[in-house]
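# An overview of the molecular structure
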Amino acid sequence: MSNPQPLSEAEWKVMKIVWERKSCAARDVYQTAAETEGWAPSTVKTLLRRLVEKGHLKTTQVGNSFLYRPARPALKSLFSAADSLLDNALDGTVGPLLAYMAKKSSMTAEELAELRELLDQMAPPSEDEA
């Protein structure tokens, strides 16, 4: 599936576990989710099933258990979520939204320099340059 359905908050949490491990057994996800979220195995099983149905996870059966792996990289999923957010932004809210996201994030000096360069490239020419 090239454009999987959006993720719920709980599904993002499960995906983070799988992305961090690259490939893992269902019991690994249960254990981590129990420690971090206090979730029961049945809750995690439901979320894993939904993520497979939505196209975010792929499975391989090994004996009586399943190995789960991401269907696409984390960054690609984040880009899709950002596209959806921007598609739903009201006129005049994109700038404040991006500023808010920049303030809330912790970027490295390299990431900040890359962002500055991008903003400089996007800026309309000043009257002196036109």
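Since the structure is predicted, the reported quantities are computational estimates derived from the model, not experimental observations.

For the rest of this paragraph, the subject is the domain arrangement of the protein. Here the domain parsing of the protein yields domain 1 (9-70) and domain 2 (74-122). Here domain 1 and domain 2 have C-alpha centroids that lie 28 Å from each other.

Over its 12 residues, helix H2 (residues 26-37) extends 16 Å from the first C-alpha to the last, a length consistent with the 16 Å expected when each residue adds 1.5 Å. The complete set of buried residues in H2 reads Ala26, Val29, Tyr30, Thr32 and Ala33. The inward-facing, buried residues of H2 abut helix H1 (9-21), strand E1 (24-25), helix H3 (41-54) and strand E3 (65-70). Looking at the residues trailing H2, positive phi occurs at glycine 38, about 75°.

With the rule as written, the count across this model stands at one aromatic pair. Taking the centre distance of 6.0 Å and the plane angle of 45° together, the rings of tryptophan 12 and tryptophan 19 count as tilted. On the accessibility criterion, tryptophan 19 (14% relative accessible area) is buried.

Reading the values: rules and limits
Residues numbered from 1 in each chain as written. Predicted model: local features only at pLDDT ≥ 70, side-chain atom pairs only at ≥ 80, totals over all residues. Heavy atoms only, no water. Domains from an automatic or database assignment. Helix = DSSP H or I, 4+ residues; strand = E, 2+ residues; numbered from the N terminus. Expected span 1.5 Å × (residues − 1). Buried < 20%, exposed > 50% of the residue type's maximum accessible area, 1.4 Å probe, protein only. Contact = heavy atoms within 4.5 Å. Phe/Tyr/Trp six-rings, centres within 6.5 Å; stacked < 30°, edge-to-face > 60°.

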